[in-house]
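Here are the chains, one letter per residue:
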Number of protein chains: 2
Amino acid sequence: MTHDLLLRNVRPMGGEATDVLVRGGHVAAWGAGPDAPLEAPGVPVEDGAGALLIPGFVEAHTHLDKSLWGMGWRRHQAGPRLIDKIETERRLKKEWDIDPARQSARQVVQSLRMGTTHIRTHVDVDDAVGLAGMEGVLATRAAYAGVMEIETVAFPQSGVMVRPGVADLMEQAMRMGADVVGGLDPCAIDRDPKGQLDLVFGLAERFGKPVDIHLHEPGQLGAFSLELIIERTRALGMEGQVTVSHAFCLGDPDPALVNPLLERIAALDIAIATTAPASRPVPAAATLRGLGIRLCAGSDGIRDTWGPYGNADMLERAMLIGLRNNFRRDEEVEMALDICTRGGAGVMRLEAYGVEPGCRADLVLVDGESLAEAVAARPPRRLVVKRGRVVARNGVSLVESP
Amino acid sequence: MTHDLLLRNVRPMGGEATDVLVRGGHVAAWGAGPDAPLEAPGVPVEDGAGALLIPGFVEAHTHLDKSLWGMGWRRHQAGPRLIDKIETERRLKKEWDIDPARQSARQVVQSLRMGTTHIRTHVDVDDAVGLAGMEGVLATRAAYAGVMEIETVAFPQSGVMVRPGVADLMEQAMRMGADVVGGLDPCAIDRDPKGQLDLVFGLAERFGKPVDIHLHEPGQLGAFSLELIIERTRALGMEGQVTVSHAFCLGDPDPALVNPLLERIAALDIAIATTAPASRPVPAAATLRGLGIRLCAGSDGIRDTWGPYGNADMLERAMLIGLRNNFRRDEEVEMALDICTRGGAGVMRLEAYGVEPGCRADLVLVDGESLAEAVAARPPRRLVVKRGRVVARNGVSLVESP
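What counts and how
Residues numbered from 1 in each chain as written. Chains lettered and ligands numbered in written order. Predicted model: local features only at pLDDT ≥ 70, side-chain atom pairs only at ≥ 80, totals over all residues. Heavy atoms only, no water. Helix = DSSP H or I, 4+ residues; strand = E, 2+ residues; numbered from the N terminus. 1 Å grid on protein atoms, 1.4 Å probe; cavity = no way out; pocket = protein on both sides within 12 Å on 5 of 7 lines; lining within 4 Å. Points joined across faces, edges and corners; volume = space filled by probe spheres on them. Nonpolar A, V, L, I, M, F, W, Y, C, P; charged D, E, K, R; others polar. Least-squares fit on C-alpha atoms with pLDDT ≥ 70 in both. Contact = heavy atoms within 4.5 Å. Salt bridge = Lys/Arg side-chain N within 4 Å of Asp/Glu carboxyl O. Buried < 20%, exposed > 50% of the residue type's maximum accessible area, 1.4 Å probe, protein only.

Looking at an unreviewed UniProt entry, chain A carries the name Amidohydrolase family protein, with the source organism given as Roseomonas gilardii.

The following block contains the structure:
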């Protein structure tokens, strides 16, 4: 289903106020300014009241299958190590009935009311839940197909080499229709970097799918794993088809470690996904952008067993990127926002993404004098439009969640 | 003016629902639980609807005199260095008519609607604005005396040794009624650490006032300045009367640098104020608390010429403290909140601060199942009470700003 819509008095990307006409789910035309209203008889009209018009946000790194959203408050109890969080989660998924279909639907609706129109989600594939996560998220993807586009990553959260059977499950997940092959910490979690990465890239090659690997490993260890990823990307001719999520090692203070990696990442068009955590070194956003490296952003887990934070607001994520990178000038804050919009679109390879005529009409209206003010103030979204259809208004979703 | 108030069905610090009676601006009694309503004929009643009851937030580090709040969006243009921000600000204060009285009043009202009931503000004293900042903030303090308690720090933002006349202005500011003697970066800004610190501590001694010094200097340089502050605190017997704001050097990764400083800070009861910035190393909150060091928090500048961020929401500050320190378990998130409430009260030496009978009735009602949820979700404040008087409701201030 696509839709027609006339947005009156909106400011595309903070520019001059004008009307914007949507026809058949795409932006058809901009008006010539405030004194030249567009006319489109029979087309539904929304008054933008001078709000900013920006493209729908791209939530490029999250975990839809295991949010606790809407399940009441649960005390957070996991220990400090990554493995503590993984093991606590495996236990609580059963104890708490964290149903992937229900929970992914809830997070999708929360994202939608915040203005997100595209999501890349990592879905746990492991020997505890099997393919239940994939099944649940695929059910949600089907149920919300008209209002949210979802890309799934088959994600071996608990490891694949250290868990018998997970390799087969990963293959089954790809057959079910996973869009991307996932991986994580091939040294720290799987204790077998060659084994995991050969398996991940092997699946990618066989299924003709891209790769997105969580890499929390810091410093020299992370650099080693990243080198192995780089080598495989080059060997398999997978330029432009690999994303490394987090890539904390690229936040290392030693430029002798970081800079050669960045050069090779840029040359192979490997993308980086960041959540801009405050507590860890992270890749420097402006440096990556300056090198032409595709950089996208995501919320990571939202109120899950790993931690209590998150609200799926990509304007807030842009603020957190800004705070993390000490972005203060308007053009820097605009870059943080761009990472949450066009940056994600570049990683998810979304065609015709934007607010210009010809673009898909996935749009957000938000109050603010400027793009930077929208990031700093993060007001409720005045209007969220998916393919020309109004799906949220004044911060309230018009689509129901379970 | 003090007030009476009966709060029905509230959960003090997230505990069991009960009624809370305020008499004469102080908490007079808690009920015995949901089945034993308090009776107080003639006293105004507010239905708490089961909301959390917490003490008013303490904004322990901000700059009321130079916020741009309510002045429309201004593009941020300052360069990357501290001195760029100082010099840009000196210029724009004049060009943009950043009136300290008007702007401090606006920020006070914004703070109030977010649930803050006490503010420590650093007020610029320099050779560009003279004492206009102090005059403006003192006017605001008088105008809002019934709804916000404000402590002023005479703050030589542009330096005192490098700026002829500022030493005299600092002395005049203290005579005008500044509550605290301020300072900043005695090496980096004033190029004369002995000179600045002797002057600052000399004023403190003569006026019998505490000290609060901005210390952005990192690593060994910051450690050196901090040692000079420690030496003067001990020599003058000023235990418990000195705050160091930011203290980024305490976030240095070298424990051989940090730990001896922390021991001496704890021994002399020097307090630390943090804004928990994501882009810089900061003192580790849990470590400081574990050593018994008083730790408070603040928003720092809110939407000023230094940067675009900030909304005076101390629940959001607690979240940022949590994110910065990788606090995930509920008790850790509660610690972050405690830093923004009792932590600030400890630094400002507020008597009878809390929600228990006998405490001043500076109270906030906020929805949430738990304290940690309030930090993660940051909903509008249901009710803000100052000395028993309702001053904000559902996120809207009942007190007007200019």
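What follows picks up the thread again.
Before going further, it helps to spend a moment on unusual backbone geometry. Its identity as a non-glycine residue notwithstanding, Met 13 of chain A has a phi of 50 degrees, on the positive side. Structurally, the position occupied by Met 13 of chain A is in the loop between strand 1 (5-12) and strand 2 (18-23). We note that Ala 352 of chain B has phi near 50 degrees; this positive angle belongs to a residue other than glycine. By secondary structure assignment, the location of Ala 352 of chain B is in the loop between helix 10 (330-347) and strand 13 (363-366).

Turning our eyes to something else, we now look at the layout of surface pockets. Estimates place the volume of the second largest pocket at around 920 Å³. Along the walls of the second largest pocket sit 34 residues, with Arg 378 of chain A together with Ala 377, Arg 378, Pro 379 and Pro 380 of chain B positioned nearest its centre. Within the residue set of the lining of the second largest pocket, elements represented by two or more residues are helix 2 (100-113) and helix 11 (371-377) of chain A together with helix 2 (100-113) and helix 11 (371-377) of chain B. For the lining of the second largest pocket, the class distribution of residues is twelve nonpolar, ten polar and twelve charged.

When chain A is fitted to chain B, the residual RMSD is 0.0 Å, and the transformation amounts to a turn of 180 degrees plus an axial shift of 0.0 Å. The symmetry that links the two subunits is that of a two-fold axis. The rotation axis passes nearest to the C-alpha of Ala 278 of chain A in chain A, at a distance of 2.2 Å. Mapped onto chain B, 100% of the interface residues of chain A again fall at the interface, so both copies present the same surface.

Counted by the stated rule, this structure contains 77 salt bridges over all chains. Salt-bridge contacts for Arg 75 of chain B lead to Glu 334 of chain A; the nearest nitrogen and oxygen are separated by 3.5 Å. Within this pair, whereas Arg 75 of chain B is found in the loop between strand 5 (57-62) and helix 1 (82-95), its partner Glu 334 of chain A is found in helix 10 (residues 330-347), the two belonging to separate chains. Since its relative accessible area comes to 25%, Glu 334 of chain A is described here as partly exposed. Note that Asp 4 of chain B is salt-bridged to Arg 23 of chain B, the shortest N-O span being 3.8 Å. Here Arg 23 of chain B lies in strand 2 (residues 18-23) and Asp 4 of chain B lies in the segment before strand 1 (5-12), a separation of 19 residues in the sequence. The partly exposed category is assigned to Asp 4 of chain B, whose relative accessible area is 32%.

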